[in-house]
Amino acid sequence: MKTEDLLREIESLPVEERARVADSVLKSLNPPESEIDKKWAEVAKRRLDEIRSGTIKPVPGEEVFEEIWKRFS
């Protein structure tokens, strides 16, 4: 199968399936490192728990970038 044909076939898939294909291709280019992934998953879970419990208040990305631009302009 030619690359162009493969790309057309992928583009015809539902979005969930395209996401699976993209994830698979990206993993093949940059294989996950289980220890690092495990630590990131722990951090993400902890942060989600903090947000859900109200321990921390999330800051919208727009505000974060606005503050960065103010500091470094």
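Anything mentioned here points back to the structure above.
Worth saying up front: this structure is predicted, and the values here are computed from it rather than measured.

About the thresholds
Residues numbered from 1 in each chain as written. Predicted model: local features only at pLDDT ≥ 70, side-chain atom pairs only at ≥ 80, totals over all residues. Heavy atoms only, no water. Helix = DSSP H or I, 4+ residues; strand = E, 2+ residues; numbered from the N terminus. Rg over C-alpha atoms; globule rule 2.2 N^0.38 Å. Areas by Shrake-Rupley, 256 points an atom, 1.4 Å probe, with all protein chains shown as cover. Lys, Arg positive; Asp, Glu negative; His and termini not counted. Charge placed at Lys NZ, Arg CZ, Asp CG, Glu CD. Salt bridge = Lys/Arg side-chain N within 4 Å of Asp/Glu carboxyl O. Buried < 20%, exposed > 50% of the residue type's maximum accessible area, 1.4 Å probe, protein only.

**Regarding the overall build of the protein**
- Broken down by element type, the protein carries four helices and zero strands.
- Taken from N to C terminus, the helices and strands of the protein fall in the order α-α-α-α.
- Scaling as 2.2 N^0.38, a compact globule of 73 residues should have a C-alpha radius of gyration of about 11 Å, whereas the protein reaches 19 Å, well beyond that.
- Based on the C-alpha atoms only, the size of the protein along its principal axes is roughly 50 × 35 × 25 Å.
- As displayed, the protein has an accessible area near 7200 Å², and 58% of this comes from carbon and sulfur atoms.
- The protein carries 14 positive and 17 negative side-chain charges, and their two centres are separated by 4 Å.

**As for the environment of Glu 17**
- Looking at the element boundaries, Glu 17 is found in helix H2 (residues 15-29).
- Considering only alpha carbons, one finds Glu 17 and Arg 71, 54 residues apart in sequence, at a separation of 42 Å.

**So, the pattern of salt bridges**
- Evaluation of the coordinates by the stated rule reveals seven salt bridges.
- Between Arg 8 and Asp 5 there is a salt bridge, and its shortest N-O distance comes to 2.5 Å. Of this pair, Arg 8 and Asp 5 both sit in helix H1 (residues 3-11), three residues apart, which is roughly one turn of that helix.
- A residue is classified by how much of its surface remains accessible, and Arg 8, at 48% relative accessible area, is partly exposed.
- A residue is classified by how much of its surface remains accessible, and Asp 5, at 32% relative accessible area, is partly exposed.
- Linking Asp 49 and Lys 45 is a salt bridge whose minimum nitrogen-to-oxygen distance equals 3.0 Å.

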